[in-house]
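Next come the chains, spelled out residue by residue.
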Amino acid sequence: MKTETTIPIRNLFRILVYAWEDLDLAETSELDLEGLDSSGNLLARMYARTLERLVRHGLHRDYQERSEDLGVIRGRLELWDTVSRHLHRVGKAHCTWTELDVDGPLNRALRTTAEQVLRTFSLTPSVAEELMAAAESMHGVSVDDHSLPALHSFTPSPMLTHYMPAITLARLLSELLVPDQLSGEYALQDLLRNEDQMNRIFETFVRRFLAHQFADEGWMTPSRRYYWSSTDANVGLPVRPPTLNTDVTMHNRERAMVLDCKYYGSMTGSSQYGESLHSNNLFQIYAYLKAQEERDGLPVHGVLLYARPTGEHLNQWVDLRGIPVRMLGLDLDQPWERIEAELMSVVSGPSTT
């Protein structure tokens, strides 16, 4: 049985737009998806678009230190360097100064990421041309492999919020760059095969989709953190019990729903008793549901939502010690309207489905 998750490029694009709320929807809606045959080409085209927007907005300038042998004094005179190198004999002095420049670590990291992607054999000619043009439009920004840590140390500030789409894409592209075992050249790994990344993307997509769809109907859609009850005996201990962090918790005045999202190569695992769902998924959501029940006292149901691999089917309710839980496989390889309808149905309890 085929168990590979497949997602059409157009659906993957919509999922990413929901998951990355910093993307400008008006801009991304104009993105040409025709002819894109892989997630790598999609991400590269999206990255080219975000770099173009940065350049149009104006690249951020940092104070950079410069040193040079000059015929006039500028900034700080480096006397030792000037004398030891006998620069004064030719009418020059070694000076150091600072100036605002676009060639800061963050901009270099963004351009370097583009250049690394361009060196892969993964891109179609049209996408490569777009990305090359976007990189070359970053005039005055140099390529520097040592600048890449700036992508991960970046923290948003009010002045740099417009950088987040490019930073998000650059981080992901950097993670997907893998060497080919035969040639040693780099290629872009298929995003759909990176379960860690896709699990985070799928979870965020579902949470923001539901928040967007039900915002006007009295539903709150936060992620929640629950703590285990503590006693005087364990106060001050160096090791604390782990917290319970839900993917999506929706509630209104009448009831609540806890949803746990999973992106797996397969929804089931094998045991001596045959195929069954991953048992830890049920234990996990049961803990979430009991914590939610104790917190608000509202009727609650749970949903285990799987990004359904092609060829697998799942849509059933189970009773976990009095709490109804729906196990649903969401087929992402179907028309978008059906994906939306199935997602919106998760809010309905067992008596209304």
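Described below are features of the structure shown in this document. (Residues numbered from 1 in each chain as written. Predicted model: local features only at pLDDT ≥ 70, side-chain atom pairs only at ≥ 80, totals over all residues. Heavy atoms only, no water.)

1. Side note on unusual backbone geometry
Short version of the rule: Helix and strand labels come from DSSP, where a helix needs a run of H or I of at least four residues and a strand needs a run of E of at least two; each type is numbered from the N terminus. The buried label applies to any residue whose accessible area, calculated with a 1.4 Å probe on protein chains only, is under 20% of its type's maximum; exposed applies above 50%, and partly exposed to all values in between.
In this structure, His86 is a non-glycine residue whose phi angle is positive, near 55 degrees. Assignment of secondary structure puts His86 in the loop between α4 (79–84) and β3 (93–101). For His86, a relative accessible area of 40% gives the class partly exposed. Phi is positive for Arg321, close to 50 degrees, though the residue is something other than glycine. On the secondary structure map, Arg321 appears in the loop between β13 (315–320) and β14 (323–330). Look at Arg321 and you get exposed, because its relative accessible area is 74%.

2. Brief notes about the environment of Met250
Just so we agree on the cut-off: It only takes one pair of heavy atoms within 4.5 Å for two residues to be counted as in contact.
With respect to the helices, strands and loops of the structure, Met250 is situated in strand β8 (residues 248–251). You can call Met250 buried: its relative accessible area is 0%. Measuring from C-alpha to C-alpha, the distance between Met250 and Phe214 comes to 9.5 Å, with 36 residues separating the pair along the chain. Those residues in contact with Met250 that sit more than four places away from it in its chain are Leu210, Phe214, Trp219, Met220, Thr221, Arg255, Ala256, Met257 and Val347.

3. Topic: the packing of aromatic side chains
Aromatic ring pairs: the centre-centre distance and the angle between the two ring planes describe each pair. Definition in use: When two rings of Phe, Tyr or Trp (its six-membered ring) have centres within 6.5 Å they constitute a pair, described as stacked for plane angles under 30 degrees, edge-to-face for angles over 60, and tilted for the intermediate range.
As enumerated under the stated definition, the model contains five aromatic pairs in all. Taken together, a centroid distance of 6.1 Å and an interplanar angle of 50 degrees make the contact between Phe205 and Phe209 tilted. Here Phe205 and its partner Phe209 are both found in helix α9 (residues 195–214), four residues apart, which amounts to about one turn of the helix. Phe205 sits in the buried class, given a relative accessible area of 0%. Phe209 sits in the buried class, given a relative accessible area of 0%.

4. Re the pattern of salt bridges
Filter applied, for reference: For this analysis, a salt bridge means a side-chain nitrogen from Lys or Arg found within 4 Å of a carboxyl oxygen belonging to Asp or Glu.
Tallying each qualifying case throughout the model produces 13 salt bridges. For Asp260, the salt bridge goes to Lys262, with nearest N and O atoms at 3.3 Å. One exposure class covers both Asp260 and Lys262, and it is buried. Taken together, the shared-partner salt bridges in this structure form one network comprising Arg66, Arg74, Glu99 and Asp101.

5. Regarding the layout of surface pockets
For clarity, the threshold we go by: Think of a 1 Å grid over just the protein atoms. A cavity is a set of points where a 1.4 Å probe fits yet cannot get out, a pocket is an open set with protein on both sides within 12 Å along at least five of seven lines, and lining residues have an atom within 4 Å of a point. Grid points are joined across faces, edges and corners, and a volume is the space filled by probe spheres set on the points. Here the term charged refers only to Asp, Glu, Lys and Arg, the term nonpolar to Ala, Val, Leu, Ile, Met, Phe, Trp, Tyr, Cys and Pro, and the term polar to all other amino acids, Gly among them.
The computed volume of the largest pocket comes to approximately 310 Å³. The wall of the largest pocket is formed by twelve residues, among which Ala19, Trp20, Thr168, Thr204 and Arg208 lie closest to the centre. Those elements that place two or more of their residues in the lining of the largest pocket are α8 (164–176) and α9. Per-element accounting of the lining of the largest pocket gives the leading share, five residues, to α9. Counted by class, the lining of the largest pocket contains four nonpolar, three polar and five charged residues.

6. Concerning the sheet that holds β13
The criterion, for reference: Only strands that DSSP links by at least two bridges are regarded as paired with each other. In this analysis an axis means a line fitted to C-alpha atoms, helices contributing only their contacting stretch, and an angle means the value between N-to-C directions, from 0 to 180 degrees.
The five strands are arranged β8-β9-β12-β14-β13 in an open sheet whose pairing can be described as mixed. The strands lining the two open edges of the sheet, one partner per strand, are β8 and β13. On average, each strand axis in the sheet is tilted by 20 degrees relative to the strand beside it, whichever way the strands run. Looking at chain direction, strand β12 (residues 300–307) and β14 are connected through six bridges and run parallel. Looking at the pairing, Gly302 lines up with Val325 of β14. Along the sheet, helix α10 (residues 279–296) contacts β8, β9 (256–262), β12, β13 and β14; its crossing angle with β12, the most-contacted strand, is approximately 150 degrees. Sheet contacts for helix α11 (residues 336–344): β12 and β14; angle to β14, the most-contacted strand, approximately 170 degrees.

7. Concerning a nonpolar patch on the surface
Just so we agree on the cut-off: Only residues above 30% relative accessible area that lack a salt bridge enter a patch, with like-charged residues linked at up to 9 Å and the nonpolar side chains Val, Leu, Ile, Met, Phe, Trp and Tyr linked at up to 5 Å. Using the Shrake-Rupley algorithm and a 1.4 Å probe, accessible areas are obtained, with residue cover drawn only from the displayed protein chains.
Among the surface-exposed residues, Ile73, Leu77, Leu79 and Val83 lie close enough to one another that they form a single nonpolar patch of about 370 Å² accessible area. Its location among the elements puts Leu77 in strand β2 (residues 76–77). When its relative accessible area of 39% is taken as the criterion, Leu77 is described as partly exposed.

8. A look at the nonpolar core
Filter applied, for reference: In this text, buried Ala, Val, Leu, Ile, Met, Phe, Trp, Tyr and Cys residues form a nonpolar core when linked through side-chain atoms within 4.5 Å.
Counting 80 residues, the largest nonpolar core has Leu42, Tyr47, Leu51, Leu110, Leu131 and Leu259 as its most contacted members. Beyond its immediate chain neighbours, meaning those up to four positions away, Leu131 contacts Ala44, Tyr47, Ala48, Leu51, Ala114, Val117, Leu118 and Leu123. If you look at the next biggest cluster of nonpolar residues, it comprises 14 residues, including Ala256, Ile285, Ile323 and Val325.

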